[in-house]
Structures are given as structure tokens and as C-alpha cells.
Amino acid sequence: MTPAATLAAAQAATTGPGFLSPTGVEIAFVLVGLATLGAALVTVTTKQLVHAALWLVVALGGIAVEYLLLTAEFIAWVQVLIYLGSVVVLLLFGLMLTKAPIGRSPDADSGNRWIALGVAAVAGVALVWVVVDAFRTTWIDLDGPVQGSTKVSGEILFQHWVLPFEALSVLLLAALIGAIVLSRRTDPADDASDKGQR
């Protein structure tokens, strides 16, 4: 074997997969990502609060599908159980308990749309840059064994991320208590009408 052929074989072995020959899983990943992005955009632009919550379900479900495509099955089911099964249900209960308007809410827009869009664009660019910089040469073997094992994820979560995990649970509890308090508050006009009926 000539040295040139040996060098070409070594380069082919070290270059890894490329972007010009995507697999079916990679194409599905991109399509689901675009659908998730569209659902997220509808979530923050609709003027109907209940529709925003339901589109949030679609966006969070799309993220769970992305985890499944990345062979992180445990993280995908945690996404479904915690976010779809808890956070969105908590949001819907908060909307129902606070008697939020069901139809279009023209007062839902605070007028800061362009500032929010600029902040979102800067945050999105920063997030993409950090992720691309951190995982530039990392490739996931989608045909190999499942990556997101329960043991490794549990060790990382409860050793290094236990404080944010507990803070999130306290935040959700405070949101639920706040929704109950707001739902029990009565207007003075309602009190006057109740006294007048007696």
C-alpha cells in the first residue's frame, strides 16, 4: 500500500460523518425542529391565552421527540412527565383559576414586542454559538446504544444540579399557591351585589 493511499484512508477514518450525506434520523431531527420552532413562535405571538398554552404543549412535545431522536430516551420521558404533565397542566389550572379570558385578549400585548424580539434574537444567537462551540467535534452515534441512561442522568441531576432542581419545585409550588389566592379574591362590586341580594 502506498503512503498516499494510507494517508487518504487515515483521513477518511478521522473525518467522521458529514453534512452532505444526512441520514433519515437527521432529516427527521431537522423537520421536527422546524415544527417545534413554529409552535414556539405561535405560542408567543397568539393573543389567546389558552391557545398559547396548547401550542406550548406542541413545542415541548417536539423537544421530547428531539431527545428521542438523539437516543436520550430517559430525558425524553422526563420532558414528557415534568413539562407536559406538570408545567403545562399547572399553567392551564392557573388560567382557569384566575378566570383568564378564553377568547382573544387585545390587552395581552404590552407594546414591548420589538424589545422582546431583540432580546430573544440576542439570546438565540448566544445559545447557538455556545452549543456549536461546545459540541463542534462531538458526534452522537444514533445507531448505537441509548445514551441518556437513568444512572448517569440521575447522578448528574442530584449531584451537580440539585439546587436548581429544588428551586424549580419551589417556584412551581409558589405559582400554584398564587393562582389559588388570586382565584379566591373577590371584587368589591361582587361583594356589594351579594350584600344587596341579602
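What counts and how
- Residues numbered from 1 in each chain as written.
- Predicted model: local features only at pLDDT ≥ 70, side-chain atom pairs only at ≥ 80, totals over all residues.
- Heavy atoms only, no water.
- Helix = DSSP H or I, 4+ residues; strand = E, 2+ residues; numbered from the N terminus.
- Buried < 20%, exposed > 50% of the residue type's maximum accessible area, 1.4 Å probe, protein only.
- Contact = heavy atoms within 4.5 Å.
- Areas by Shrake-Rupley, 256 points an atom, 1.4 Å probe, with all protein chains shown as cover.
- Axes fitted to C-alpha atoms, helices over the stretch in contact; angles between N-to-C directions.
- Parallel < 35°, antiparallel > 145°, perpendicular 65-115°, else oblique.
- Nonpolar A, V, L, I, M, F, W, Y, C, P; charged D, E, K, R; others polar.
- Polar contact = N/O pair within 3.5 Å; in protein donor to acceptor, adjacent residues only side chain to side chain.
- Left-handed = near helix turned anticlockwise from the far one by under 90°.
- Patch = residues over 30% accessible without salt bridge, like charges linked within 9 Å, V, L, I, M, F, W, Y side chains within 5 Å.
- Salt bridge = Lys/Arg side-chain N within 4 Å of Asp/Glu carboxyl O.

K.L.:
Sorry, what's going on with the overall build of the protein here?
P.N.:
When its secondary structure is counted, the protein shows eight helices and zero strands. Written out in order from the N terminus, the α and β elements of the protein read α-α-α-α-α-α-α-α. Put simply, the protein has 198 residues, and 13% of those count as buried. When contacts within the protein are restricted to residue pairs at least 6 apart in sequence, long-range pairs at least 24 apart make up 73% of them. Summing over all exposed atoms, the protein offers an accessible surface of approximately 14800 Å²; the carbon and sulfur share of this is 72%.

K.L.:
So what exactly am I meant to see when it comes to the packing of helix H3 (residues 49–69) against helix H4 (residues 73–97) here?
P.N.:
Helix packing for two helices is described by the angle between their axes and how far apart those axes are. Remark: H3 packs on H4, axes separated minimally by 8 Å, with the N-to-C direction vectors making an angle of 175 degrees. Considered as vectors, H3 and H4 are oriented roughly antiparallel to each other. On the side of H3, the interface is formed by Leu49, Val50, Ala53, Leu56, Val57, Leu60, Gly61, Ile63, Ala64, Tyr67 and Leu68, while H4 contributes Glu73, Ile75, Ala76, Gln79, Val80, Tyr83, Leu84, Val88, Leu91, Leu92 and Leu95. Classifying every residue of the contact of H3 with H4 gives 19 nonpolar, two polar and one charged.

K.L.:
Sorry if this is basic, but what is going on with the side chain of Gln79 here?
P.N.:
Secondary-structure assignment places Gln79 in helix H4. Polar side-chain contacts of Gln79 include one of 3.2 Å to the backbone oxygen of Leu60. With near-sequence residues (within four places) excluded, Gln79 lies in contact with Leu60, Ile63, Ala64, Tyr67 and Leu84.

K.L.:
Would you take a moment to explain unusual backbone geometry for this structure?
P.N.:
Leaving glycine aside, a negative phi is the common case for residues, and trans is the common case for peptide bonds. In this structure, Thr71 is a non-glycine residue whose phi angle is positive, near 60 degrees. Turning to its location among the elements, Thr71 is positioned in the loop between H3 and H4. Assessed through its relative accessible area of 9%, Thr71 is described here as buried.

K.L.:
Can you walk me through the side chain of Glu66 in this structure?
P.N.:
Here Glu66 lies in helix H3. Here Glu66 is in contact with Phe29, Val32 and Gly33, once residues within four sequence places are set aside.

K.L.:
Can you help me understand the packing of H4 against helix H7 (residues 162–184) in this one?
P.N.:
Closest axis-to-axis distance for the H4/H7 pair is 9 Å, and the angle between their directions is 15 degrees. The angle between the axes of H4 and H7 places the two elements in the roughly parallel class. When the axes of H4 and H7 are compared, the crossing they make is left-handed. Residues Val87, Leu90, Gly94 and Leu97 of H4 touch H7, and the partners they reach there are Leu172, Ala175, Leu176, Ala179, Ile180 and Ser183.

K.L.:
I tried to follow the environment of Ser153 on my own but got confused; where do I start?
P.N.:
Along the chain, Ser153 turns up in helix H6 (residues 150–160). Along the primary structure Ser153 and Ala72 are separated by 81 residues, whereas in three dimensions their C-alpha atoms are 9.9 Å apart.

K.L.:
How should a nonpolar patch on the surface be read in this particular structure?
P.N.:
Taken together, the side chains of Leu81, Ile82, Tyr83, Phe158, Val162, Leu163, Phe165, Leu168 and Leu171 present a nonpolar region at the surface, about 840 Å² in accessible area. For the nonpolar patch, the secondary structure elements donating two or more residues are H4 and H7. Of the residues forming the nonpolar patch, the biggest block, five residues, is contributed by H7. Tracing the chain through its elements places Leu81 in helix H4. Given a relative accessible area of 61%, Leu81 falls into the exposed group.

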